[in-house]
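Survey of secondary and tertiary structure
What follows is each chain in one-letter form.
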Protein chains: 2
Amino acid sequence: MKPMPTLAAVTRLLALGALLICGARAQAATDPLPSWNDGPAKQAIVAFVNETTDQTSAKFVPPAERIATFDQDGTLWVSHPIYSQVMYCLDQVPKLVEKKPHLKNVEPFKTVLSGDREAIARLPMKELEEILAATLTGMSTDAFQAEVKAWIAKARDPRWHRPFTDLTYQPMQEVLHYLRDNGYKTFIVTGGGQDFVRVYSNTVYGIPPEQVVGTAGVTKYEYDQDGTPFLIKEPKLLLNDNNAGKPEGIHLMIGRRPHAAFGNSTGDRQMLEYTKAGDGARLAMLVLHDDAEREYAYGPAHGLPDTKVGAFPQALYDEAQKSGWSVISMKNDWKRIFAFE
Amino acid sequence: MKPMPTLAAVTRLLALGALLICGARAQAATDPLPSWNDGPAKQAIVAFVNETTDQTSAKFVPPAERIATFDQDGTLWVSHPIYSQVMYCLDQVPKLVEKKPHLKNVEPFKTVLSGDREAIARLPMKELEEILAATLTGMSTDAFQAEVKAWIAKARDPRWHRPFTDLTYQPMQEVLHYLRDNGYKTFIVTGGGQDFVRVYSNTVYGIPPEQVVGTAGVTKYEYDQDGTPFLIKEPKLLLNDNNAGKPEGIHLMIGRRPHAAFGNSTGDRQMLEYTKAGDGARLAMLVLHDDAEREYAYGPAHGLPDTKVGAFPQALYDEAQKSGWSVISMKNDWKRIFAFE
């Protein structure tokens, strides 16, 4: 018969277990941001989390107040050479013309159907908006969701030939997780379509639909012939979630001022300003795309090439310096860009 | 020296502890809704929770999809003889006239200043809306929040002479907790002002501001003379969260169809319809105020007195019967109404 272990032996075993568990935790805590190089950007994030979650710190933020907002295009995932949602809209044009054949010879649909990429890229904003309105409205919210879901599963980007959902920045995914692990509720605040981003936000970012604020149109409650109600997407703008529309959208949808905000372009300026204008610890960060080799390089801040897609002008860079916002250099601050690397 | 306890003794102690813990849990599980009488309404709630959280049930709802929406006035708290928010607006009139003395002799402000309750109650809707616009807009969102917070702390209702925040229905508080304990995310979807309800929603209902959908106005991002940004409340409606506005607001702010919805009046009809039109298990419930003694009695369904504040017409009652919505009789289904009873 084996001798019965004593309480002392059990206690030793428990202590050993605790040691193993704590050891594992300590190791995980060593670097919550492994894809970041050590530098001022990473340090700013870690310092912010440490001081806002330390109960003894004057900058402690109660868990219920921990709100962090993230722009999407160019901040959480690739937005060049063209926004994914615009790709979606262009891809919908053939189907649209099938339903409405009279559009076949009407501009700008004719140009899109031609497949001439350079001509498409030259379309003026007004004509592009016409394509967006024609492909993003006029259907039920359920039909739109199904359409986007199907597209996002099969569409590939033109450079890496991967699903767009693979093109999220690994360092930013780590920031999302790090903030959530520290009690922050993470929100997307995007100039892109709210209904579009909500389709994949949970899968891609772990952010549920109700935590996605975006450009939103009016919907109208109607009934089909069986009396079943549905919501139809109307071609009428309700919230333009860009520039001043970002803090306005944050107030509408979240109702609280963020403690941390991340963006990459001039459309995020007011969101960062609004965030920083709150008292206590506030973190404001901008991703600068200065890595043509691993991703793209555009500004025109810092002498980088100018762009029409998510511009980061010198004035924004200067405001960042003046206002204590951190600029994240993709080239210097990020050890790797994508999870698939 | 005391003898060292053996492993067997430790095991017995642990088993005893487990028994105590499980016993306590079993008891708590006995009745998650102690303020409800046994009846079809209570049974409908319990059956819904059981079947949507049981993984082996065909009606199982994954945790991420568990969305429940609640109207506020007349569903979660007392709304008679007049909505609390209207009381707030009337109470603000003297302060408003101090700032804008020319309003002193202008209707409807003159009548409100007279304090003549009957005359105030007779004000036509158009004049009431004028008071609402004058007292709910034109200030910063921060100033408005502070004003509501101060008012809600000191205001008393005219019947029980208690803070309005005491006048929440204990049975509905139990439903909120019961659903949350079972993985449901609870939202308020109110015809009342979103900015108003968000001030106290977390304290009173455990529902954070971002989970309050309500009637909302446009805000505008501006700067004060020091260059500090703020949001000003504009007298322009963005979302009328009543009737068809409820499913439209749910889509805008939540982006998913609820699995359970609770209301009490004709303004909630479309929210319940929209909820029930989803597949799988869907719960739709209406509170009928048929208890003049303990609260108020109004319909005009069921021969109850008619009202302008949260009417429950016979047509709504008939739709409830036809569509499988449950009607909660305050008189018969609720053992007690308020926590302070």
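Residues numbered from 1 in each chain as written. Chains lettered and ligands numbered in written order. Predicted model: local features only at pLDDT ≥ 70, side-chain atom pairs only at ≥ 80, totals over all residues.

When its secondary structure is counted, chain A shows 14 helices and seven strands. With respect to the principal axes defined by its C-alpha atoms, chain A has extents near 90 × 55 × 40 Å. When the 341 residues of chain A are sorted by exposure, 41% land in the buried category. Here the contacts in chain A between residues at least 6 apart in sequence split such that 62% fall between residues at least 24 apart. (Helix = DSSP H or I, 4+ residues; strand = E, 2+ residues; numbered from the N terminus. Buried ≥ 20, exposed ≤ 12 C-beta atoms within 10 Å, placed from the backbone. Contact = placed C-beta atoms within 7 Å.)

Moving on, we get to the relation of the copies chain A and chain B. Of the transformation placing chain A onto chain B, the axial shift is 0.0 Å and the rotation is 180°, giving an RMSD of 0.0 Å. In short, the pair behaves as if placed about a two-fold rotation axis. By residue overlap, the copies meet face to face through one surface: 100% of the interface positions of chain A are interface positions in chain B. (Least-squares fit on C-alpha atoms with pLDDT ≥ 70 in both.)

Quick look at the domain arrangement of chain A now. One widely used convention gives an interface's size as the accessible area the parts lose upon coming together. All names here are of chain A. Each assigned domain of chain A is listed here: domain 1 (35-82 + 163-333) and domain 2 (84-154). Measuring from the centre of the C-alpha atoms in domain 1 to the corresponding centre in domain 2 gives 26 Å. In this complex, domain 1 contributes 17 residues to the contact, which on the side of domain 2 involves 17 residues. Mapped by element, the contributors of at least two residues to the side of domain 1 that touches domain 2 are β2 (185-193), α9 (194-198), β3 (212-223) and β4 (229-239). With six residues, β4 is the largest single contributor of residues to the side of domain 1 that touches domain 2. Looking at the side of domain 1 that touches domain 2 residue by residue, the class counts come to nine nonpolar, five polar and three charged. (Domains from an automatic or database assignment. Nonpolar A, V, L, I, M, F, W, Y, C, P; charged D, E, K, R; others polar.)

Here the focus is helix α6 (residues 125-136) of chain B. Every α-helical turn comprises 3.6 residues, leaving residues that sit three or four positions apart pointing alike. All names here are of chain B. The terminal C-alpha atoms of α6 lie 16 Å apart, and with twelve residues this matches the ideal 16 Å at 1.5 Å per residue to within 8%. Among the residues making up α6, those that are buried are Ile131, Thr135 and Leu136. The buried residues of α6 occupy one face: seen down the axis, they fall within an arc of 110°. The exposed residues of α6 that point more than 90 degrees off its buried face are Lys126 and Glu129. The secondary structure elements touched by the buried residues of α6 are α3 (84-99), α4 (109-114), β2 (185-193) and β4 (229-239). Looking at the residues trailing α6, positive phi occurs at glycine 138, about 95°. (Expected span 1.5 Å × (residues − 1). Arc of directions from axis to C-beta.)

Let us now look at the pairing of strand β3 (residues 212-223) of chain B. All names here are of chain B. Pairing of β2 with β3, which is carried by four bridges, proceeds in the parallel orientation. Note on β3: the bridge partner recorded for isoleucine 188 is valine 212. The antiparallel hairpin formed by β3 and β4 contains five residues in its connecting segment, where glycine 227 sits at a positive phi of about 85°. (Pairing = 2+ DSSP bridges.)

All names here are of chain A. Helix α12 (residues 269-276) packs onto helix α11 (residues 245-253) with a crossing angle of 55° between their chain directions and a minimal axis gap of 7 Å. If you check the angle between α11 and α12, you find them oblique. From α11, Lys246, Pro247 and Ile250 reach across to α12, where they touch Gln270, Met271 and Tyr274. The class makeup of the residues in the contact of α11 with α12 is four nonpolar, one polar and one charged. (Axes fitted to C-alpha atoms, helices over the stretch in contact; angles between N-to-C directions. Parallel < 35°, antiparallel > 145°, perpendicular 65-115°, else oblique.)

Quick look at the sheet that holds β2 of chain A now. Taking strand neighbours across the sheet as the criterion, the seven strands line up as β4-β3-β2-β1-β5-β6-β7 (chain A) in an open arrangement whose pairing is mixed. Each edge of the open sheet carries a strand with a single partner, namely β4 and β7 (326-329) of chain A. Recorded for the sheet is a direction-independent mean angle of 30° between the axes of neighbouring strands. Sheet topology note: the strand β5 (residues 260-263) of chain A/strand β6 (residues 283-288) of chain A ladder contains four bridges and is parallel. Residue pairing across strands places alanine 260 of chain A opposite leucine 283 of chain A, the latter belonging to β6 of chain A. In this fold helix α11 (residues 245-253) of chain B packs onto β3 and β4 of chain A, with an angle of close to 155° to the strand it touches most, β3 of chain A.

Residues and elements named next belong to chain B. Taken in spatial order, the seven strands of this open sheet run β4-β3-β2-β1-β5-β6-β7, and their pairing is mixed. Edge positions in the sheet fall to β4 and β7 (326-329), since each of these pairs with one other strand and no more. Strand-to-strand twist across the sheet, computed as the mean angle between neighbouring axes with direction ignored, equals 30°. Here strand β1 (residues 67-70) pairs with strand β5 (residues 260-263) via three bridges, running parallel. Opposite threonine 69, over in β5, you have alanine 261 as the bridge partner.

Residue and element names in this part refer to chain B. Between its first and last C-alpha, α3 extends 23 Å over 16 residues, near the 22 Å set by a 1.5 Å rise per residue. Along α3, the largest kink reaches about 35° and is centred on valine 93; proline proline 94 follows within four residues of it. For α3, every residue scored as buried is listed here: Ser84, Gln85, Tyr88, Cys89, Leu90 and Val93. Those residues of α3 that are buried lie in contact with α4, α5 (117-121), α6, α7 (141-154), β2 and α9 (194-198). (Bend = angle between axes of the 7 residues up to and from the residue.)

Another aspect to go through is unusual backbone geometry. Here the residue pair histidine 80 of chain A and proline 81 of chain A is connected by a cis peptide bond, since its omega of 0° sits within 30 degrees of zero. Tracing the backbone shows proline 81 of chain A in the loop between β1 (67-70) and α3 (84-99). Omega for the bond connecting glutamate 107 of chain A with proline 108 of chain A falls within 30 degrees of zero, at 0°, which places this linkage in the cis form. By the element assignment, proline 108 of chain A lies in the loop between α3 and α4 (109-114). The residue asparagine 243 of chain A is not glycine, and still its phi comes out positive at about 55°. By the element assignment, asparagine 243 of chain A lies in the loop between β4 and α11. Its identity is not glycine, yet histidine 302 of chain B carries a phi of approximately 60°, on the positive side. In this fold, histidine 302 of chain B is placed in the loop between β6 (283-288) and α13 (314-323).

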